[in-house]
Amino acid sequence: MQKIYNSIIDLKSKYKSQIVFDTRLIKKNDIFIGLKTKNNDGNLYISEAIKKKASLIITNIKSDNTKLFYVKDTHLFIKNFCSFIIDSYKGKIIAVTGSIGKTTFKENIYHVLNNNNISVSKSYKNYNNFQGLQFSIMNMNINSNYSVFELGINSSKEMTKLVKTLQPHYCLVTCIENTHIGNFKNFNHLIDNKLKIFNSKRLIK
């Protein structure tokens, strides 16, 4: 499987390809992954991905088309590919969470580093749930010195899952408000779960 991981990284480097789950967003030479969700199945749109000239298509449908790479479970493929990228990445990862200000702080950190000629990557827009994190990891610049991600949670145990996937070196918590309590038992429960961002095994203290 490492061979296909390296092939994807090479394609991203050669064509500046993006990895996408939605065929409507595909541009020439992008990489499409057929992702099955509760409401839809991306594997049903392979013909559209081919038509839009995707350079590679990861799917659970077998085909003789050389642009298609078959995997039994695309969710498992994404999980393992993200682990490969994080393990291969030589830079430092910065994670930001909180109730408000996550995107602003992430963007500010990115621009400060970038404006000082430090190679830096950042997560896409405000995609901060688990699937959004995976999307951003797969599209990060693996050769950058730093990568900045924002992490958002709506219930307990989510932060543990996000941190286990990302394993950040530095963490920042913005303002936490009880107006964003969501599915948490109470405000303290919300705070406790936000602070789990500091449970990263690679945290630099």
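It should be emphasised that the depicted structure is a prediction, and the values quoted were computed from it without experimental measurement.

Observations regarding the nonpolar core
Soluble, globular proteins show a tendency: their nonpolar side chains are buried together.
Right, so step 1: Ranked by internal contacts, the top residues of the largest apolar core, which has 41 residues, are I8, F77, F81, I137, M138, L151 and L166.
Right, so step 2: At the level of elements, helix 1 (2-15), strand 2 (31-33), strand 3 (56-59), helix 3 (74-88), strand 5 (92-97), helix 5 (130-138) and helix 6 (158-166) are the ones that each hand at least two residues to this core.
Right, so step 3: The greatest single-element share of this core, amounting to seven residues, is contributed by helix 3.
Right, so step 4: Discounting chain neighbours no more than four positions away, the residues touching F77 are M1, I4, Y5, I8, I33, I58 and V71.

Side note on the packing of helix 1 against helix 3
Right, so step 1: Interhelical geometry of helix 1 versus helix 3 gives an angle of 70° and a closest axis separation of 11 Å. Comparing their axes, helix 3 and helix 1 come out roughly perpendicular. Counting all contacts with helix 1, which are made through Q2, I4, Y5, N6, I8 and I9, the residues of helix 3 involved are F77, N80, F81 and F84.
Right, so step 2: Its residues assigned to classes, the contact of helix 1 with helix 3 shows seven nonpolar, three polar and no charged.

A few points about the pattern of salt bridges
Right, so step 1: Counted by the stated rule, this structure contains four salt bridges.
Right, so step 2: Its salt-bridge partner being D22, residue R24 comes within 2.7 Å of it at the nearest N-O pair.
Right, so step 3: Put simply, K106 and E150 hold a salt bridge, and the shortest N to O gap is 3.5 Å. With a gap of 44 residues between them, K106 in helix 4 (residues 102-115) and E150 in strand 7 (residues 146-150) connect regions that are remote in the sequence. With respect to class, K106 is no different from E150; both count as buried.
Right, so step 4: Within this structure, K106, E107, K122 and E150 form a network of salt bridges that share partners.

Details of the sheet that holds strand 3
Right, so step 1: With respect to topology, four strands assemble into an open sheet ordered 1-2-3-4, the strand pairing being parallel. Of all the strands in the sheet, just strand 1 (19-20) and strand 4 (68-70) have a single pairing partner and so form its edges.
Right, so step 2: Sheet analysis places strand 2 next to strand 3, joined by three bridges and oriented parallel. Bridge pairing in strand 3 places I33 opposite I58.

Some details on the packing of aromatic side chains
What describes a pair of aromatic rings is the distance from one ring centre to the other and the angle between the planes of the rings.
Right, so step 1: The full count for this structure, using the stated rule, is eight aromatic pairs.
Right, so step 2: Here the aromatic rings of Y5 and F84 are separated by 5.0 Å at their centres, their planes lie at 40°, and the arrangement is tilted. Note that Y5 is positioned in helix 1 and F84 in helix 3, a separation of 79 residues in sequence. By the burial criterion, Y5 is buried, and F84 matches it.
Right, so step 3: Each ring, one from Y124 and one from Y127, has its centre 4.8 Å from the other, and the planes form 85°; the classification is edge-to-face.

Brief notes about unusual backbone geometry
Right, so step 1: Not every positive phi belongs to a glycine, and K125 is a case in point at roughly 45°.
Right, so step 2: Here K125 is to be found in the loop between strand 6 (120-122) and helix 5.
Right, so step 3: In the Ramachandran plot, Q167 falls in the positive-phi region, its phi being about 50° despite a non-glycine side chain.
Right, so step 4: In this structure, Q167 sits in the loop between helix 6 and strand 8 (170-173).
Right, so step 5: Residue Q167 is classed as buried on the basis of its relative accessible area of 15%.

About the thresholds
The numbers attached to residues start from 1 for each chain and follow its sequence in the written order. With pLDDT at 70 or above as the cut-off, local features in this predicted model cover only qualifying residues; side-chain atom pairs require 80 or more to be listed or tallied, and sums for whole chains, interfaces and linings still use all residues. With hydrogens and water excluded, all non-hydrogen atoms of the structure serve as input to the side-chain values. Here the nonpolar core consists of buried residues drawn from Ala, Val, Leu, Ile, Met, Phe, Trp, Tyr and Cys, with membership extended through side-chain atoms lying within 4.5 Å. For each residue, the accessible area found with a 1.4 Å probe, counting protein chains only, is set against the maximum for its type, and the residue is called buried under 20%, exposed over 50%, and partly exposed in between. Strands here mean DSSP runs of E at least two residues long; helices mean DSSP runs of H or I at least four residues long; both are numbered from the N terminus. Two residues qualify as a contact provided that any one of their heavy atoms is within 4.5 Å of a heavy atom in the partner residue. Working convention: axes come from line fits to C-alpha atoms, limited for helices to the stretch in contact. Angles between N-to-C directions cover 0 to 180 degrees. Should an angle fall under 35 degrees it is taken as roughly parallel, and over 145 as roughly antiparallel, whereas 65 to 115 is taken as roughly perpendicular and any remaining angle as oblique. The classification used treats Ala, Val, Leu, Ile, Met, Phe, Trp, Tyr, Cys and Pro as nonpolar, Asp, Glu, Lys and Arg as charged, and all other residues, Gly among them, as polar. A side-chain nitrogen of Lys or Arg and a carboxyl oxygen of Asp or Glu constitute a salt bridge if their distance falls within 4 Å. What makes two strands pair is DSSP finding at least two bridges between them. By convention, a stacked pair of Phe, Tyr or Trp rings (six-membered ring in the case of Trp) has centres within 6.5 Å and planes under 30 degrees apart, an edge-to-face pair has planes over 60 apart, and any other such pair is tilted.

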